[in-house]
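# Observations on the three-dimensional arrangement
Now for the letters of each chain:
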Amino acid sequence: MIVLNPKTLSNFFDNYKRLLFLLFLAFSIISLGMIIFIDNDYYQGVSFKIMFIHVPAAWLSLMLFGIIGTVSIIGLVFKSPTSFIIARAISPIGLLMSITVLVTGSIWGYLTWGTFWVWDARLTSMLILTFIYLGHFILLNSFEHFQKSDFAASILAVIGLVNLPVVKFSVNWWTTLHQGASVFKIGGPSLSGIYLTTLMISFFCILILCLYWIINIFVTITETRRYERKKLFNE
Amino acid sequence: MKERSYLMNSLYFVLICYGFFIILAAVTTIIIMNSKKSVLNKISEISKNQPTDKK
């Protein structure tokens, strides 16, 4: 029987780290090659190629916050330390992804709309998500006892879950300058052939990189706790 | 000639925009791996200094 505790998970993850890194390298070479040689957009020219970082980072920042919220609920209900460690490992990576979305989105916005920022529903809700990520990360590191910080950050994560459908459906609920969904929508994706393939390969590339980071942070947190226990035991 | 300049423009744009992400990714990886390494070193030091039970 597999026991789902931090140490078991840490050992399991450790075995697949190298494989993940090799997969990331393979995907990144294919993805970069495709991005360089793919045709430019008729209206936007070469600037549309920023989409292959912006969109995967946006999907990942939403997905990762969804996972943080879910494991926080599990942690609060079942008092599971593993759930809290998973949330702790994901938090900085989610923050990084949401900052990437804002930066690449601003560059893309400047090139197509002529401005870095507008108080548009999608952009504003994404900024709120970034602040929630930032708050979650700060809360995780602001108490002396990790149980307290885990509890406080989990409450914020559960409340923050409300923002996820707002970010996703903001382009449908309000009139926005930001374009509507072009992949996950009723009637199928409006992106054609090679563009969709390149986008999906870029997404898997960044997803694997995030998994690699998260696994290493998870192992670091687990080992830090083991170190603290050992130190306490030795004293 | 036109095809070559298109390819170079595309390459420059990708290098500049993706350069930001690649630098970000590299810095993040270095920070994560360094902190992991320092924790593992501390643990191995503690294990070395721990008295053994063998008589």
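Scroll up to find the structure.
All of the points below concern the structure found in this document. All values derive from a computational prediction rather than experimental measurement. (Residues numbered from 1 in each chain as written. Chains lettered and ligands numbered in written order. Predicted model: local features only at pLDDT ≥ 70, side-chain atom pairs only at ≥ 80, totals over all residues. Heavy atoms only, no water.)

### Digging into the packing of aromatic side chains
All names here are of chain A. Put simply, the rule reads: Aromatic pairing here means that ring centres of Phe, Tyr or Trp (its six-membered ring) are within 6.5 Å. Orientation follows from the plane angle: under 30 degrees is stacked, over 60 is edge-to-face, and everything else is tilted. Helix and strand definitions here come from DSSP, where helices need a minimum of 4 consecutive H or I residues and strands a minimum of 2 consecutive E residues; each element is numbered from the N-terminal end. For every residue, the accessible area (1.4 Å probe, protein chains only) is compared with the maximum for its type, and the residue is labelled buried under 20%, exposed over 50%, or partly exposed between those bounds.
In total, this model carries twelve aromatic pairs over all chains according to the counting rule given. Seen from their ring centres, Phe-27 and Phe-204 are 6.3 Å apart, and the 40 degrees between their planes marks the pair as tilted. A residue pair is termed long-range when its members are at least 10 positions apart, and Phe-27 in helix 1 (residues 6-37) and Phe-204 in helix 7 (residues 193-234) qualify at 177 residues. Its relative accessible area of 24% is what places Phe-27 among the partly exposed residues.

### Focus on the interface of chain A and chain B
The test is simple: Every residue pair with non-hydrogen atoms within 4.5 Å of one another is taken to be in contact. Two parts placed together each lose some accessible area under a 1.4 Å probe, and the buried area is that loss summed for both. Throughout this description, the term salt bridge denotes a Lys or Arg side-chain nitrogen within 4 Å of a carboxyl oxygen of Asp or Glu. A 3.5 Å cut-off defines polar contacts: any pair of N or O atoms within that distance qualifies, except that in protein one atom must be a possible hydrogen donor and the other a possible acceptor, and neighbouring residues in sequence count only when both atoms are side-chain atoms. Nonpolar residues are Ala, Val, Leu, Ile, Met, Phe, Trp, Tyr, Cys and Pro. Charged residues are Asp, Glu, Lys and Arg, and all others, Gly as well, are polar.
Contacts between the two partners involve 38 residues from chain A and, on the opposite side, 26 residues from chain B. Across the chain A to chain B interface the summed buried area is about 2800 Å²; carbon plus sulfur atoms make up 76%. Linking chain A with chain B are zero salt bridges, by the criterion used here. At the junction of chain A with chain B, the criterion picks out two residue pairs in polar contact (both at pLDDT 80 or more). Contributions of two or more residues to the side of chain A that touches chain B are made by helix 1, helix 2 (51-78), helix 3 (81-112) and helix 7 of chain A. In terms of residues, the side of chain A that touches chain B owes the most to one element, helix 7 of chain A, which gives 16 residues. Looking at the side of chain A that touches chain B residue by residue, the classes come out as 22 nonpolar, eight polar and eight charged.

### Looking at the layout of surface pockets
Which entries qualify depends on this criterion: Only protein atoms enter the 1 Å grid used here, on which a cavity is any set of points holding a 1.4 Å probe that cannot leave and a pocket is any open set flanked by protein within 12 Å on both sides along at least five of seven lines; residues with an atom within 4 Å of a point are listed as lining. Grid points are joined across faces, edges and corners, and a volume is the space filled by probe spheres set on the points.
Here the largest pocket defines a volume of roughly 970 Å³. Looking at the largest pocket, it is lined by 37 residues, and the ones nearest its centre are His54(A), Val55(A), Arg122(A), His178(A) and Gln179(A). Of all the secondary structure elements, the ones that give two or more residues to the lining of the largest pocket are helix 2, helix 3, helix 4 (121-140), helix 6 (163-173) and helix 7 of chain A. Grouping the amino acids of the lining of the largest pocket by side-chain chemistry returns 24 nonpolar, ten polar and three charged. Along its surface, the second largest pocket is lined by 26 residues, and Arg88(A), Phe137(A), Asn141(A), Ile217(A) and Ile221(A) are the ones closest to its centre. Secondary-structure elements contributing two or more residues to the lining of the second largest pocket are helix 3, helix 4, helix 5 (146-160) and helix 7 of chain A together with helix 1 (2-49) of chain B.

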